[in-house]
Amino acid sequence: MSTVALAATDGMLHFELSMAYEVFEAGVADPWYDVVVCGPGAVRAGRFLLEPDHGLDHLSRAHTVIVPGWADIDVDPPADLVDAVRAAHEAGARVASLCTGAFVLAAAGLLDGKRATTHWAHTRALADRYPQVKVNPDVLYVDNGSVLTSAGKAAAMDLCLHLVRLDHGSSIANAVARRLVVPPHRDGGQAQFVTTPVPAPDNHPLAELFPWVIERLDHPLTVEDMARRARMSSRNLGRHFRSVTGTTPLQWLLTQRIRHAQELLETTDDGVDTIAAATGMGTATTLRRHFNRTVGVPPDTYRRTFRSRTRPGQN
């Protein structure tokens with residue numbers, strides 16, 4: 001069983017800490033994660049007092065270490081936390097920061113020469129304080145393999161679901177999202193600062209368009225098709241997409257097609273040609289090209305690696 005350790009010290013932001021705990025405690029697959037909270041003793045997080053399961057030295061025994069947001073970026077994070085996070089990474093742990101937890105990773109030297117992000121309001125401070133870090137202020141999260149960073153609040157959820165997806169596949173990550181009643185996927189490259197990052201079902205101009213598109217992913221949809229359905233010009237459609245999702249209509253559509261392909265690869269025995277048709281990709285060659293570029297591995301490799309242990313309805 002994979003162990004996820006949440007680092008907790010005085011000054012941590014309780015939202016990111018509790019949110020990560022909810023994701024990794026969801027228990028929608030078997031085996032699941034063993035989640036522990038590690039800290040130097042009783043920890044004050046906002047108005048809450050926490051009793052960690054283990055000391056900070058236990059971080060080095062975990063497979064994944066989550067470092068929640070740091071409340072006051074003008075104060076250096078505790079040396080014992082920085083040392084423990086560095087030791088955990090050196091021991092082989094995958095280390096992920098949520099929001100301003102990136103300042104802890106940077107202090108530990110884990111972001112030197114790497115791309116990273118944090119809450120958009122603090123990206124300049126991170127770049128100024130740690131010039132060796134390649135700070136990207138415009139993305140939701142950055143995955144460097146063994147070191148990951150996220151932007152603030154909702155983007156921290158995106159990164160945690162991304163980790164579940166890496167470990168258990170898209171279908172299981174979507175099951176966690178459904179349990180927590182959050183959107184199942186926002187790509188890490190999406191813009192951080194969007195007008196409506198998680199829009200309510202009926203309060204934006206694209207509310208009726210999204211489900212219409214999802215139900216027709218096997219069709220060769222175009223921007224003009226979507227604009228016609230939304231009763232607006234292609235230019236206005238693009239403007240609303242950027243405002244609501246932080247990306248373009250075609251990129252959003254491609255993301256939905258790839259996500260659907262992931263689910264079919266995990267939950268069916270359909271061949272790549274059949275899945276290409278079901279996702280509107282047309283041919284297996286087109287599916288393989290976009291899938292490999294987006295996911296990082298070919299569809300066949302993804303199926304072997306992330307095939308669900310349970311069928312839909314069994315989660």
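Residues numbered from 1 in each chain as written. Predicted model: local features only at pLDDT ≥ 70, side-chain atom pairs only at ≥ 80, totals over all residues. Heavy atoms only, no water.

Peer 1: Hey, could you run me through the overall build of the protein in this one?
Peer 2: Secondary structure assignment for the protein yields 13 helices and 10 strands. Relative to a compact globule of 315 residues, whose C-alpha radius of gyration would be 20 Å, the protein shows 20 Å and is just as compact. By principal-axis analysis of the C-alpha atoms, the protein measures approximately 55 × 40 × 35 Å. Counting the 315 residues in the protein, one finds 50% classified as buried. Taking the contacts inside the protein whose residues are at least 6 apart along the sequence as the reference set, 65% of them involve residues at least 24 apart. A total of about 14,400 Å² of accessible surface is found on the protein, and carbon and sulfur atoms cover 50% of it. Between the mean site of the 32 positive side-chain charges and the mean site of the 34 negative ones, the protein shows a separation of 8 Å. (Helix = DSSP H or I, 4+ residues; strand = E, 2+ residues; numbered from the N terminus. Rg over C-alpha atoms; globule rule 2.2 N^0.38 Å. Buried < 20%, exposed > 50% of the residue type's maximum accessible area, 1.4 Å probe, protein only. Contact = heavy atoms within 4.5 Å. Areas by Shrake-Rupley, 256 points an atom, 1.4 Å probe, with all protein chains shown as cover. Lys, Arg positive; Asp, Glu negative; His and termini not counted. Charge placed at Lys NZ, Arg CZ, Asp CG, Glu CD.)

Peer 1: I would appreciate a short explanation of the pairing of strand E1 (residues 3-7) in the present structure.
Peer 2: Residues in a regular strand project their side chains so that they alternate between the two faces of the sheet. Most of E1 is tucked away: 5 of the 5 residues are buried. Here E1 shows no split at all, with Thr3, Ala5 and Ala7 on one side and Val4 and Leu6 on the other all buried. Here 5 bridges tie E1 to strand E2 (residues 34-38), and the two strands are oriented parallel to one another. What sits directly across from Leu6, in E2, is Val37. Crossover connection from E1 via helix H1 (residues 14-24) to parallel E2: handedness right-handed. By the bridge criterion, 3 bridges tie E1 to strand E5 (residues 64-67) in an arrangement that is parallel. (Pairing = 2+ DSSP bridges. Right-handed = clockwise from strand over helix to strand, strands pointing away.)

Peer 1: Whenever I open this one, the pattern of salt bridges confuses me. Can you help?
Peer 2: Between side chains of opposite charge, a pair can form when the charged atoms approach closely. Summed over the entire model, instances satisfying the criterion amount to 7 salt bridges. A salt bridge links Arg129 to Asp74, with the nearest nitrogen and oxygen atoms 4.0 Å apart. With Arg129 in helix H4 (residues 123-129) and Asp74 in the loop between E5 and helix H2 (79-90), this residue pair connects regions lying 55 residues apart in the sequence. Among the residues examined, Asp74 registers a relative accessible area of 65% and is labelled exposed. (Salt bridge = Lys/Arg side-chain N within 4 Å of Asp/Glu carboxyl O.)

Peer 1: What am I meant to see in the sheet that holds E2 here?
Peer 2: Picture the strands of a sheet paired through backbone hydrogen bonds; they go either parallel or antiparallel. One open sheet holds the 6 strands; their spatial order is E2-E1-E5-E6-E10-E9, and the pairing between them is mixed. Taken across any chain shown, the strands that pair with only one partner, and hence form the sheet edges, are E2 and strand E9 (141-143). Ignoring which end each strand starts from, the neighbouring axes of this sheet average 15° apart. Taken together, the 4 bridges between E5 and strand E6 (residues 94-97) define a ladder with parallel strand orientation. Bridge pairing in E6 places Val67 opposite Ser97. Contacts from H1 reach E1, E2 and E5, with the element oriented near 170° to E1. (Axes fitted to C-alpha atoms, helices over the stretch in contact; angles between N-to-C directions.)

Peer 1: Help me understand the environment of Ile275, please; the structure alone is not making it clear to me.
Peer 2: Looking at the element boundaries, Ile275 is found in helix H11 (residues 272-278). Sequence separation between Ile275 and His204 is 71 residues, and the spatial gap between their C-alpha atoms is 31 Å. When sequence neighbours within four positions are dropped, the list of residues in contact with Ile275 reads Ala261, Leu264, Leu265, Asp270, Leu287 and Arg303.

Peer 1: Quick question: what am I supposed to make of the side chain of Thr100 here?
Peer 2: Looking at where Thr100 falls in the secondary structure, it is placed in the loop between E6 and helix H3 (102-107). A polar contact of 2.7 Å, which involves the side chain of Thr100, links it to the backbone nitrogen of Trp70. Not counting chain neighbours up to four residues away, the residues in contact with Thr100 comprise Leu13, Gly69, Trp70, Ile73, Thr118 and His122. (Polar contact = N/O pair within 3.5 Å; in protein donor to acceptor, adjacent residues only side chain to side chain.)

Peer 1: Would you mind showing me how to read unusual backbone geometry here?
Peer 2: Among all residues except glycine, the phi angle is most often negative; among peptide bonds, the trans geometry is most common. Cis rather than trans, the peptide bond between Asp30 and Pro31 has omega equal to 5°. Although it is not a glycine, Lys153 sits at a positive phi angle of roughly 50°. Within the secondary structure, Lys153 sits in the loop between strand E10 (147-150) and helix H5 (154-168). Phi is positive for Arg231, which is not a glycine, with a value near 60°. The exposure class of Arg231 is exposed, given its relative accessible area of 73%.

Peer 1: So what exactly am I meant to see when it comes to the environment of Arg229 here?
Peer 2: Assignment of secondary structure puts Arg229 in helix H8 (residues 223-230). Arg229 gets classed as partly exposed once you look at its relative accessible area, which sits at 43%. Residues Arg229 and Leu209, 20 residues apart in the sequence, show an inter-C-alpha distance of 6.9 Å. Sequence-distant contacts of Arg229, that is, excluding residues within four places in its chain, are made with Leu209 and Trp212.

Peer 1: It is not clear to me how the packing of H1 against H5 should be interpreted in this structure. Could you clarify?
Peer 2: To describe two helices that pack against each other, one gives the angle between their axes and the distance between the axes. Running from N to C, H1 and H5 point in directions that differ by 25°, and their axes come no closer than 10 Å. Overall, the two elements H1 and H5 adopt an arrangement that is roughly parallel. For H1 against H5, the interelement crossing comes out right-handed. On the side of H1, the interface is formed by Glu16, Met19, Ala20, Val23 and Phe24, while H5 contributes Ala156, Met157, Cys160, Leu163 and Val164. Residues of the contact of H1 with H5, tallied by class, amount to 9 nonpolar, no polar and 1 charged. (Parallel < 35°, antiparallel > 145°, perpendicular 65-115°, else oblique. Left-handed = near helix turned anticlockwise from the far one by under 90°. Nonpolar A, V, L, I, M, F, W, Y, C, P; charged D, E, K, R; others polar.)

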